[in-house]
Amino acid sequence: MTYVIHGATGAQGAPVVAALAAAGHSVTALTRNPDAVVHGAQRVVAAGYGSTAELTEAYRGADGVFIHLPVFSEEDRQTYARNILAAVRAARPARVVFSTSGAPIDPETGGAAAALAGGLADTGVSHAVIAPTFYLENLLMPYVLDSVRERGVLPYPIRADFPVSWASHLDIADAVAALFDRPDITGVVSVGQYPAITGPDLAEAFGTHFGKDVAFEQITPEQFRISVAPLIGEGPAADVAGAYAAMSTLPDRSITAENSAQKLLGITPRSTGQWLTDIGLRP
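So, a few notes on the structure that sits alongside this text. (Residues numbered from 1 in each chain as written. Predicted model: local features only at pLDDT ≥ 70, side-chain atom pairs only at ≥ 80, totals over all residues. Heavy atoms only, no water.)

1. Regarding the packing of aromatic side chains
Here is step 1 of the chain: Applying the stated rule across the entire model yields 11 aromatic pairs.
Here is step 2 of the chain: Aromatic pair Phe-72 and Tyr-80: ring centres 5.9 Å apart, planes at 85°, arrangement edge-to-face.
Here is step 3 of the chain: Members of the aromatic cluster, joined through ring pairs, are Phe-134, Tyr-156, Trp-166, Phe-224 and Tyr-244. (Phe/Tyr/Trp six-rings, centres within 6.5 Å; stacked < 30°, edge-to-face > 60°.)

Below, the structure is given as structure tokens:
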């Protein structure tokens, strides 16, 4: 079995490579740098989202392709989605698994992730869509983690009473590996903690791991934008802040049990405490 992994050196792709390699599968890592060293991959291929021809060549003959869109401008992401769909139609890989990375896929909402999810359904290629909500890895950003360590405060741009089904990149990797083995499962699979947890629940888990009291602190989307802009760029940071502002009117970001990884795949995502242990985060 040969699997092609987008963003194989990144936060979401690297754990997928590791999970598939651990299961004894052959992995082709797609990167922008042909000289990159990707542990667990048999091949490293330079294929950019901007080239349909390169993607088609990379996908051809694959038993599975894992796709997620990078954090770029929405205009670029729309272009990448079109190129990916064209390559899937041309190459016809046996299976495609797409992670929305938390982006909405409701056709009425629109956006690149929605276009890609809908387009995959029209290709006739076996596929599944992984739909996480928030990533626990967001809590490792310096603005958040330094505050936990230095002030005993976990800051995040959600209400204290806002339940979220958090998931980690490790959970996504588990779901991807399982979905490649389960072509009978199609459509959307939600990955995240269920029942959903609140900000104070997160703070408590960090406090237990660090061995000290940690309190949750709601910050504004604008404060969050300022904190992440140096990491992801001004444009993407503004998009992220806008998403959090829009979310503030919702009652929660919880998955439902019906289409959860727990029910469909028999996989229970890590608790916050388990995740902190698994990544080896030191106080």
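Let us keep going from here.
2. Section: the pairing of strand S6 (residues 127-132)
Here is step 1 of the chain: Of all 6 residues making up S6, 6 are buried, and the element is well covered by its neighbours.
Here is step 2 of the chain: Side chains His-127, Val-129 and Ala-131 of S6 all project onto a buried face; the interleaved residues Ala-128, Ile-130 and Pro-132 project onto the opposite face, where all are buried too.
Here is step 3 of the chain: Bridge analysis of strand S5 (residues 96-99) against S6 gives 4 bridges, and the strand direction is parallel. Counterpart to Val-96 in the pairing with S6 is His-127.
Here is step 4 of the chain: Once the chain exits S5 it traverses helix H4 (residues 112-123) before rejoining the sheet at S6, and the crossover so formed is right-handed.
Here is step 5 of the chain: Sheet analysis places S6 next to strand S8 (residues 187-191), joined by 5 bridges and oriented parallel. Bridge pairing links Val-129 to Val-188 in S8. (Buried < 20%, exposed > 50% of the residue type's maximum accessible area, 1.4 Å probe, protein only. Helix = DSSP H or I, 4+ residues; strand = E, 2+ residues; numbered from the N terminus. Pairing = 2+ DSSP bridges. Right-handed = clockwise from strand over helix to strand, strands pointing away.)

3. Here's the deal with the sheet that holds S6
Here is step 1 of the chain: With parallel pairing, 7 strands are arranged side by side in an open sheet as S3-S2-S1-S4-S5-S6-S8. Looking at the sheet topology across the chains shown, the edges are occupied by strand S3 (43-46) and S8. The average undirected angle you get between the axes of adjacent strands in this sheet is 20°.
Here is step 2 of the chain: Note that strand S2 (residues 26-31) and S3 share 4 bridges and pair parallel. Residue pairing in the sheet places Thr-31 in a bridge with Ala-46 of S3.
Here is step 3 of the chain: Against the sheet, helix H1 (residues 13-22) touches strand S1 (2-5), S2 and strand S4 (64-68), its axis set at about 170° to S1. (Axes fitted to C-alpha atoms, helices over the stretch in contact; angles between N-to-C directions. Contact = heavy atoms within 4.5 Å.)

4. Brief notes about the packing of H1 against helix H6 (residues 169-181)
Here is step 1 of the chain: Relative to each other, H1 and H6 sit at 45°, their axes nearing to 8 Å. By the angle between their axes, H1 is oblique relative to H6. Judged by the twist between their axes, the crossing of H1 over H6 is right-handed. Two secondary-structure elements touch here, H1 through Pro-15, Val-16, Ala-19 and Leu-20 and H6 through His-169, Leu-170, Ala-173, Val-176, Ala-177 and Phe-180.
Here is step 2 of the chain: Tallied by class, the residues present in the contact of H1 with H6 amount to 9 nonpolar, 1 polar and no charged. (Parallel < 35°, antiparallel > 145°, perpendicular 65-115°, else oblique. Left-handed = near helix turned anticlockwise from the far one by under 90°. Nonpolar A, V, L, I, M, F, W, Y, C, P; charged D, E, K, R; others polar.)

5. Quick notes on the pairing of S4
Here is step 1 of the chain: Buried residues dominate S4, accounting for 5 of its 5 residues.
Here is step 2 of the chain: A two-sided burial pattern is seen for S4, the buried positions comprising Gly-64, Phe-66 and His-68 on one face and Val-65 and Ile-67 on the other.
Here is step 3 of the chain: Note: S1 against S4, 3 bridges, orientation parallel. Paired with Ile-5 across the strands is Phe-66, a residue of S4.
Here is step 4 of the chain: In this sheet, S5 lies alongside S4 in parallel orientation, the contact comprising 4 bridges. Residue pairing in the sheet places Val-65 in a bridge with Val-96 of S5.

6. Describing the pattern of salt bridges
Here is step 1 of the chain: Tallied over the entire structure, the rule returns 11 salt bridges.
Here is step 2 of the chain: With a closest N to O distance of 2.8 Å, Lys-263 and Glu-258 form a salt bridge.
Here is step 3 of the chain: A relative accessible area of 56% means that Glu-258 is categorised as exposed.
Here is step 4 of the chain: A salt bridge links Arg-270 to Asp-278; its shortest N-O distance comes to 2.8 Å.
Here is step 5 of the chain: By relative accessible area, which is 18% here, Arg-270 ends up buried.
Here is step 6 of the chain: Of the residues examined, Asp-278 reaches a relative accessible area of 47% and is grouped as partly exposed.
Here is step 7 of the chain: Beyond isolated ion pairs, a larger network of salt bridges with shared partners links Asp-171, Asp-174, Arg-270 and Asp-278. (Salt bridge = Lys/Arg side-chain N within 4 Å of Asp/Glu carboxyl O.)

7. Some points on helix H3 (residues 74-91)
Here is step 1 of the chain: Between its first and last C-alpha atoms H3 spans 25 Å; for 18 residues at 1.5 Å apiece the expected length is 26 Å, and the two agree.
Here is step 2 of the chain: Looking at H3, one finds that the buried residues are Arg-77, Tyr-80, Ala-81, Asn-83, Ile-84, Leu-85, Ala-87, Val-88 and Ala-91.
Here is step 3 of the chain: Summarising the contacts, the buried residues of H3 are in contact with helix H2 (52-59), S4, S5 and H4.
Here is step 4 of the chain: Backbone geometry just downstream of H3 places Arg-92 in the positive-phi region, at approximately 55°. (Expected span 1.5 Å × (residues − 1).)

Taken by themselves, the reported measurements are silent on function.
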